[in-house]
Amino acid sequence: MMSGAATVAASAADTTPAVVYDLGGKFDKSSNESAYKGAEKYKVDTGTAYRDFEIQNDSQREQGLRNFARRGMSPIVGIGFSYEQAIEKVAKEFSDTEFAIVDAAVDLPNVRSVLFKEHKGSYLVGVLVAMASKIGKVGFVGGMNIPLIRKFACGYVQGVKSVSPDIEVIQNMTGTTGAAWNDPVKGGELAKPQFDKGMDVIYHAAGGTGIGVLQAVADAGKLGIGVDSNQNALHPGNMLTSMVKSVDVVVYKVFEDSANGNWTSGVQALGLKEGGVDWAYDDDDKDLIIDEMKVAVDKAREGIISGEIKVHDYMSDNSCPM
């Protein structure tokens, strides 16, 4: 849905779109890579070139945005909530340039903000995890310890507990700085103690750090849950599913709307109904998803969309009821 939409006049036909990735790089197998795939698809479909930039530290966010804006790029998409302050500052300086941000809201007339209802997608994978666990103990590894990642965790726990309130869920966060998104070694180190405590399925929401979590899952012969992009193909046979976010579709749509003169600012909040989040079911995990599980998760999905099932959003009050 859209709120506070405003049309921005721009000569999109004469500009080049751009993407600035978050820490972890464009091949992080997560949100950055999804954004890259969306930009690449747009290039293939339309023949339109784009520019992109992989930051190496937090200070380069503003630098990357401003550099593209000075060179006349538009629209410019920042991937990740950490771009909030940088986009707010640079978008004010370049009021004729169109900007977009994923996972945060910036209230400016030349900025499109795209949020996702990750708690609802996480609820669905929680249902699957609870049904797949043979021990009744499951885990979660988050990246940076912030409300957004607690939102993933809380939705996940609600989904797990909807199947059985007695299932134990152990949670660990990787860190409190941006480095938490790009530390696969630590991801593996956090996963192993969970296995030692009996966890047999782990969901990660940790960006590039999660690659280490999933490697540890495969090494231990356990089950993992991917995030943001469909990560099922990383370890077929050990990936129960992935909670996917349509960042690729968002980037494609931003580029397309700008080029076609359909640019709007404002906030978009994308959930199950809007196709913003979902669970991945494909050849790599279909042998792990028995009919009973598929029926249960489809029922939960329908219930959430209809409003029959209410999934608490951690970010609404910084608390989780479970």
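Everything here concerns the structure above.
Residues numbered from 1 in each chain as written. Predicted model: local features only at pLDDT ≥ 70, side-chain atom pairs only at ≥ 80, totals over all residues. Heavy atoms only, no water.

Engineer: Got a minute to help me understand empty space enclosed by the protein in this structure?
Structural biologist: With a probe scaled to a water molecule rolled over the atoms, the places where space remains empty come into view. One pass over the full model with this rule turns up one cavity of 30 Å³ or more. Within this model, the largest cavity holds a volume of roughly 260 Å³. Asp22, Ser31, Asp103, Trp181 and Asp228 are, among the 21 residues lining the largest cavity, the residues nearest its centre. In terms of residue count, helix H5 (residues 147-163) provides more of the lining of the largest cavity than any other element does, three residues in total. (1 Å grid on protein atoms, 1.4 Å probe; cavity = no way out; pocket = protein on both sides within 12 Å on 5 of 7 lines; lining within 4 Å. Points joined across faces, edges and corners; volume = space filled by probe spheres on them. Helix = DSSP H or I, 4+ residues; strand = E, 2+ residues; numbered from the N terminus.)

Engineer: Where do I start with the pattern of salt bridges in this structure?
Structural biologist: Between side chains of opposite charge, pairing is possible as soon as their charged atoms come close. Per the counting criterion, the structure on display carries 19 salt bridges. Glu62 is the partner of Arg66 in a salt bridge, and the nearest nitrogen-oxygen pair spans 2.9 Å. Residue Arg66 and its partner Glu62 are both found in helix H2 (residues 60-70); the two are separated by four residues, about one turn of the helix. On the accessibility criterion, Arg66 (13% relative accessible area) is buried. Residue Glu62 is classed as partly exposed on the basis of its relative accessible area of 23%. For the salt bridge of Lys286 with Asp283, the shortest nitrogen-to-oxygen distance reads 3.4 Å. Overall, Lys286 belongs to the partly exposed group, its relative accessible area being 38%. (Salt bridge = Lys/Arg side-chain N within 4 Å of Asp/Glu carboxyl O. Buried < 20%, exposed > 50% of the residue type's maximum accessible area, 1.4 Å probe, protein only.)

Engineer: I keep staring at the sheet that holds strand S7 (residues 137-144) and nothing clicks. Help me out?
Structural biologist: In a beta sheet, neighbouring strands are held together by backbone hydrogen bonds and run either parallel or antiparallel to one another. Strand order in the open sheet formed by six strands is S8-S7-S9-S10-S11-S13, with mixed pairing between adjacent strands. If you trace the sheet from one side to the other, it starts and ends with strand S8 (168-175) and strand S13 (277-279), each paired once. Ignoring which end each strand starts from, the neighbouring axes of this sheet average 15° apart. Pairing geometry for strand S9 (residues 201-205) and strand S10 (residues 223-228), over three bridges, is parallel. Of the residues in S10, the one forming a bridge with Ile202 is Gly224. Across the face of the sheet, helix H6 (residues 184-196) comes into contact with S7, S8 and S9 while running at roughly 160° to S8. (Pairing = 2+ DSSP bridges. Axes fitted to C-alpha atoms, helices over the stretch in contact; angles between N-to-C directions. Contact = heavy atoms within 4.5 Å.)

Engineer: What is the right way to read the packing of aromatic side chains from this model?
Structural biologist: The geometry of an aromatic ring pair comes down to the distance between the two centres and the angle between the two planes. Taken as a whole and judged by the stated rule, the model has nine aromatic pairs. Here Tyr42 and Phe255 contribute two aromatic rings whose centre-to-centre distance is 5.5 Å and whose plane-to-plane angle is 75°, an arrangement assigned as edge-to-face. Taken together, the residues Tyr42 in helix H1 (residues 31-46) and Phe255 in helix H8 (residues 247-259) connect sequence positions 213 residues apart. Both residues of the pair, Tyr42 and Phe255, count as buried. Taking 6.2 Å as the distance between ring centres and 70° as the angle between the ring planes, the aromatic pair formed by Phe81 and Trp181 counts as edge-to-face. With Phe81 in the loop between strand S4 (76-79) and helix H3 (84-93) and Trp181 in the loop between S8 and H6, the pair connects residues that are 100 residues apart, well separated along the chain. (Phe/Tyr/Trp six-rings, centres within 6.5 Å; stacked < 30°, edge-to-face > 60°.)

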